[in-house]
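For reference, the chains in residue letters:
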Amino acid sequence: MRPLADGSAPEGYAIKGNQNSMLYHVPGSRYYNSTVAELWFDTVESAEAAGFRAPGQKSAE
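Residues numbered from 1 in each chain as written. Predicted model: local features only at pLDDT ≥ 70, side-chain atom pairs only at ≥ 80, totals over all residues. Heavy atoms only, no water.

Colleague: Sorry if this is basic, but what is going on with the overall build of the protein chain here?
Modeller: The number of helices and strands found in the protein chain is one helix and three strands. Going from the N terminus to the C terminus, the protein chain shows its helices and strands as β-β-β-α. Compactness check: the protein chain gives a C-alpha radius of gyration of 11 Å against a globular reference of 10 Å for 61 residues, within 12% of the reference. With the principal axes as the frame, the protein chain shows a C-alpha extent of 35 × 20 × 20 Å. Looking at the 61 residues of the protein chain, the share that counts as buried comes to 28%. (Helix = DSSP H or I, 4+ residues; strand = E, 2+ residues; numbered from the N terminus. Rg over C-alpha atoms; globule rule 2.2 N^0.38 Å. Buried < 20%, exposed > 50% of the residue type's maximum accessible area, 1.4 Å probe, protein only.)

Dropping the structure here:
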């Protein structure tokens, strides 16, 4: 899901996705506060289904 007009997360979506790096960040993780969310996900599974991975996680390629 895209950020709201003010850049914030839609209700129920707390996982940040960065399209340049294709990484997702969960609340409380090291880079969460410094990451600008280009997409928001409601679950880790939905982020991974969209092709995103956690920092340090090897890609499926």
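Colleague: How do you make sense of the nonpolar core when you look at a structure like this?
Modeller: Considering soluble globular proteins, one finds that nonpolar side chains tend to be buried as a cluster. Counting residues in hydrophobic clusters, the biggest one holds seven residues: Ile 15, Tyr 24, Leu 39, Phe 41, Ala 47, Phe 52 and Ala 54. Once residues within four sequence positions are removed from consideration, Phe 52 is found in contact with Gly 17, Asn 18, Gln 19, Met 22, Leu 23, Tyr 24, Leu 39, Phe 41 and Ala 47. (Core = buried A, V, L, I, M, F, W, Y, C linked by side-chain atoms within 4.5 Å. Contact = heavy atoms within 4.5 Å.)

Colleague: Which parts of the structure should I look at to understand the pairing of strand β1 (residues 15-18)?
Modeller: Along a regular strand, successive side chains alternate from one face of the sheet to the other. In β1, alternate side chains face the same way, and those of Ile 15 and Gly 17 on one face and Lys 16 and Asn 18 on the other are all buried. In the sheet, β1 pairs with strand β3 (residues 39-41) via three bridges, with the strands oriented antiparallel. Looking across to β3, one finds that Gly 17 is bridged to Leu 39. Judged from the three bridges that link them, β1 and strand β2 (residues 23-25) form a sheet pairing that is antiparallel. In the sheet register, Lys 16 faces β2, and the bridge partner there is His 25. (Pairing = 2+ DSSP bridges.)

Colleague: Teacher, can you tell me more about the environment of Pro 3 here?
Modeller: Inspection of the secondary structure puts Pro 3 in the segment before β1. On the basis of relative accessibility, which here comes to 26%, the residue Pro 3 falls in the partly exposed class. Leaving out residues up to four positions away in the same chain, Pro 3 has contacts with Ser 8, Ala 37, Glu 38 and Trp 40.

Colleague: Before we go on, may I ask you to explain the side chain of Lys 16 in this structure?
Modeller: Residue placement: Lys 16 occurs in strand β1. At a separation of 2.9 Å, a polar atom in the side chain of Lys 16 contacts the main-chain carbonyl oxygen of Thr 35. Excluding anything up to four places from it in sequence, Lys 16 contacts Leu 23, Tyr 24, His 25, Tyr 32, Asn 33, Thr 35, Ala 37, Leu 39 and Trp 40. (Polar contact = N/O pair within 3.5 Å; in protein donor to acceptor, adjacent residues only side chain to side chain.)

Colleague: Just checking my understanding: could you explain the confidence of the model for the protein chain for this structure?
Modeller: Detailed reading of the predicted coordinates is not advisable wherever pLDDT is low. Looking at the protein chain, the pLDDT average stands at 92 and 95% of residues meet or exceed 70. Within the protein chain, the lowest mean pLDDT, 96, falls on β1, and the highest, 98, falls on helix α1 (residues 44-49). (pLDDT = per-residue confidence, 0-100.)

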